[in-house]
Structure formats: structure tokens, C-alpha cells
Amino acid sequence: MRLRLAGALAAVLVTAGLVTGPAAQAAPDPVRRHTLADLAERHGRYFGSATDNPELTDTAYTRILGSEFDMITPGNGMKWYATEPQQGVFDWTNGDQIVDLARKNHQKVRAHTLVWHSQLPDWLTSKQWTASELRAVLKKHITTEVRHYRGKVYSWDVVNEAFNEDGSYRDTIWYKTLGPGYIADALRWAHQADPHAKLYLNDYNIEATGPKSDAYHRLAEDLLARGVPLDGIGFQAHLALQYGYPATLEDNLRRFSRLGLDTALTEVDVRMQLPATEEKLAEQATWYRDLTAACLAVRHCVGVTIWDYTDKYSWIPAFFPGEGAALPWDEELRPKPAYQALREALR
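Cut-offs and rules
- Residues numbered from 1 in each chain as written.
- Predicted model: local features only at pLDDT ≥ 70, side-chain atom pairs only at ≥ 80, totals over all residues.
- Heavy atoms only, no water.
- Helix = DSSP H or I, 4+ residues; strand = E, 2+ residues; numbered from the N terminus.
- Rg over C-alpha atoms; globule rule 2.2 N^0.38 Å.
- Buried < 20%, exposed > 50% of the residue type's maximum accessible area, 1.4 Å probe, protein only.
- Contact = heavy atoms within 4.5 Å.
- Areas by Shrake-Rupley, 256 points an atom, 1.4 Å probe, with all protein chains shown as cover.
- Lys, Arg positive; Asp, Glu negative; His and termini not counted.
- Charge placed at Lys NZ, Arg CZ, Asp CG, Glu CD.
- Salt bridge = Lys/Arg side-chain N within 4 Å of Asp/Glu carboxyl O.
- Polar contact = N/O pair within 3.5 Å; in protein donor to acceptor, adjacent residues only side chain to side chain.
- 1 Å grid on protein atoms, 1.4 Å probe; cavity = no way out; pocket = protein on both sides within 12 Å on 5 of 7 lines; lining within 4 Å.
- Points joined across faces, edges and corners; volume = space filled by probe spheres on them.
- Disulfide = S-S within 2.5 Å.
- Core = buried A, V, L, I, M, F, W, Y, C linked by side-chain atoms within 4.5 Å.
- Phe/Tyr/Trp six-rings, centres within 6.5 Å; stacked < 30°, edge-to-face > 60°.
- Lys NZ or Arg CZ within 6 Å of the ring centre and 35° of its normal.

## Concerning the overall build of the protein
- Assigned secondary structure in the protein consists of 15 helices and ten strands.
- In terms of C-alpha radius of gyration, the protein reaches 20 Å, essentially the compact-globule figure of 20 Å for 347 residues.
- In terms of principal-axis extent, the alpha carbons of the protein reach across some 70 × 40 × 40 Å.
- For the protein, buried positions account for 56% of its 347 residues.
- Residue pairs at least 24 apart in sequence account for 77% of intrachain contacts in the protein once pairs closer than 6 positions are excluded.
- Accessible surface for the protein amounts to roughly 14,600 Å². Of this, 51% is attributable to carbon and sulfur atoms.
- Counting 38 positive and 44 negative side-chain charges, the protein places the centres of these two groups 5 Å from one another.

Below you can see the structure in the form of C-alpha cells.
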């Protein structure tokens, strides 16, 4: 079992009286040194974190990343703009760096993402494609990337964010040009390129039952009935305190499980309106505990991934001004109440 070295060192320093304050409060006692991954493994689950290439030079950060988690998701390094910046010219630098790091740390990789409407290169978005042209471009990209990482990744988020909030198809370059059949095609091509990788559809605001999650349920039923390879649904779980907890999460996970599909919480963070207060951090901790417990309660919910583990590298402040403090570690890499809540849920 892996031990969290930073935590062990902190415990020693606290015992010696050399550390006080937040670090002392966060330091685990010797009986509680097992990592989130260790605790999740007892339930047959994984516990992962996203990461991105720029922060991999931060050794304090990578020490925790490498010890606390057993699943890694590249935040950006496998997206289209990074992997095929020019048509037919592929660059695996960023993705390979994270795969190599995961292998070094004996971690698995959730590969993210093959088909999305965002972060596409200019050569793809600036041209008017015929259906046959774009279909060929999409097939080549999926086949080339999945073959490159064949045998190196646990799963793929094959299609990301395909629906609007009302359950209608998102009007993307893929849908406008190819129609809804692009989703089944993408899954088939990915499976052909790596028959052993788990294949997911992934989206946000599908944690609760409602029009958007209903659309995924209908789509999944249809794909499975037609024999299209689909292994799971990824619930991103980008949550915000001001909008309320998705109380039907466990029921929603369970209904997808009844289709024979895996589910996973794939991009978890719980943001708040700043400044953070003790009350908000306590509520956030409860949410982290509850969503983890919901996954543990559903047999086919295979794991939880937080969208990077520290506020230091969170995407939230840049996209939601005035909001943040969304992750279980703060900007100084100190565990917050949410971290202890995760441990409690997993124990």
C-alpha cells in the first residue's frame, strides 16, 4: 500500500512540536496514513485526479499527485488542439508526458477527450467541410490517437458534451455536418483501434435526473440496442454551492447501471462564491462526502476523479470570476475539510 509521504512527515513534525496551525490540524495520525486511492481500492474503486503539463515542474505538487491517487486524467494534453495542431500532423508530447508519469507512479490513465466542440485547432474550425470530408478527418483522428495510446490507457472519454441543457443535441461542427450518427461512429472507431479500452460519453449537469441526463439515458439505450460499443457514462460533477446539491445523483447513477453501464464521477470540483468561509468549506466537505458515498452505493460506479486536486491549479477562477476554492487541497497544498470528508466517506 502506498503511504502519503508528505502526510507522514507532517505527522512526525507535529509529534515533535515543530509544526502548528493548519499543517498540524491536517497532519494524519499514524493510524490514518493510507491515501484516498488506498481507501477507494478497498471498495473496488479508484480515486483519481486530473493534471496538466505546466504544473508537472512543481515537485511538491507532483509528490502528492503521485502518492494520493491511482488514476490520472490529462486535463488538456490529449485534446485535439494539442494532438493534431496541423491536419495530419500529430504531436503526442503532452499526452505522453502524463502517461509516462502515471506509469512511473503505477497509476492508470483516463484519456480525455477524442470528440468535443471546444479547443479545436483553427485548421478544423475555419473550413467548410462536406460530410464525407469531415467524417474522414474524424475517423483518422480517433483511429490515430487511440492506436497511439493502445494498451496504455484505462478508458477514453470518446464524446464530450454532446447535449444542451434541454436534452437537444448541441449544435457542434460534428452534429451540424454529420448528424447524430457521429457519436456511434466515434465509439465504433475507438473500439476498433483499442478493443480493451473502456469507452465513455462524458458531460456536465447530468448528475441529477432531468432533461439532459434523460437524453443520455435514451441515447445509451439506443446505442446498446444497436450493438454500438459503449462501456460507461462520465458524470463530470462540476458543482457549485449556490446552485444546490444534486439530490438525485445516486438514483441517476443507479439507472445507468441498470443498463449494464459503468458510471464514474470524472471531473469533480465544488466551487463557491469567494471569499471562502468556514461555513462554506464545511458545506463543501459535506458535498464531497455525499457524492463519494453515492458512487460507493452503486455497484457499477467505478471511481471518482477530481479536476486537479488543489486550488493552486484549478480552472475555476479563470472561467467563473469571483468563484473558486473548489478542491480538497488549498493553494498551499494543504488539505481542507473536504479532504477529511473524502477519507471519512471512503472509510
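Structure's up, so let's keep going.
## A short note on the environment of valine 153
- Position of valine 153 relative to the elements: it lies in the loop between helix 8 (131-148) and strand 4 (155-160).
- For valine 153 and lysine 108, which are 45 residues apart along the polypeptide, the C-alpha to C-alpha distance reads 6.4 Å.
- Other than its neighbours up to four places away in sequence, valine 153 contacts Met78, Val109, Ala111 and Ala197.

## Some details on the side chain of glutamate 207
- Of note, glutamate 207 is situated in the loop between strand 5 (198-203) and helix 11 (211-225).
- Buried charge without a partner: glutamate 207 forms no salt bridge, and the closest opposite charge is lysine 212, 8.1 Å away.
- Here asparagine 205 takes part through its backbone nitrogen, which lies 3.3 Å from a polar atom of the side chain of glutamate 207.
- Reaching out from glutamate 207, the side chain makes a polar contact with the backbone nitrogen of alanine 237 at a distance of 2.7 Å.
- Every residue in contact with glutamate 207, bar those within four places of it in the chain, is listed here: Phe235, Gln236, Ala237, His238, Leu239, Pro246, Thr248, Leu249 and Asn252.

## Re empty space enclosed by the protein
- Tallied over the entire structure, the rule returns two cavities of 30 Å³ or more.
- Each pocket or cavity is described by its volume, and for the largest cavity that value is around 40 Å³.
- Lining of the largest cavity is provided by Lys79, Trp80, Thr113, Leu114, Val115, Trp116, Ser118, Gln119 and Leu120.
- Broken down by element, the residue count for the lining of the largest cavity peaks at three residues, all from strand 3 (residues 108-115).

## Some remarks on the state of the cysteines
- The final tally for this structure, using the stated rule, is one disulfide.
- Cysteine 295 shares a disulfide with cysteine 301; S-S distance 2.1 Å. Disulfide cysteine 295 to cysteine 301: torsion about the S-S bond roughly -105°, handedness left-handed. When sorted by exposure, cysteine 295 lands in the same class as cysteine 301, which is buried.

## Observations concerning the nonpolar core
- The biggest cluster of nonpolar side chains holds 93 residues, and the ones touching the most others in it are Leu124, Trp156, Trp174 and Leu201.
- The biggest single contributor to this core is helix 10 (residues 181-193), with eight residues.
- In contact with leucine 201, other than residues within four places in its own chain, are Val159, Ile183, Leu187, Tyr216, Leu219, Leu223, Leu230, Gly232, Ile233 and Gly234.
- Ranked by size, the runner-up nonpolar core spans six residues in total, among them Tyr46, Met71, Tyr154 and Ala264.

## Some remarks on the environment of threonine 277
- Here threonine 277 lies in the loop between strand 8 (262-273) and helix 13 (278-297).
- For the pair threonine 277 and alanine 325, spaced 48 residues apart in sequence, the C-alpha separation works out to 10.0 Å.
- Reaching out from threonine 277, the side chain makes a polar contact with the backbone nitrogen of lysine 280 at a distance of 3.1 Å.

## Some remarks on the packing of aromatic side chains
- As enumerated under the stated definition, the model contains 21 aromatic pairs in all.
- Residues tyrosine 169 and tyrosine 175 carry aromatic rings whose centres are separated by 5.1 Å and whose planes lie at 10° to one another, so their mutual orientation is stacked.
- Residue classification places tyrosine 175 among the partly exposed positions, given a relative accessible area of 28%.
- Put simply, the rings of Phe47, Tyr61, Phe69, Tyr309, Tyr313, Trp329 and Tyr339 touch in pairs and so form one group of aromatic residues.
- Cation over ring: arginine 110 sits above tyrosine 200, and NZ or CZ is 5.0 Å from the ring centre.
- Positioned above the aromatic ring of phenylalanine 320, the side-chain terminus of arginine 271 is 3.8 Å from the ring centre.

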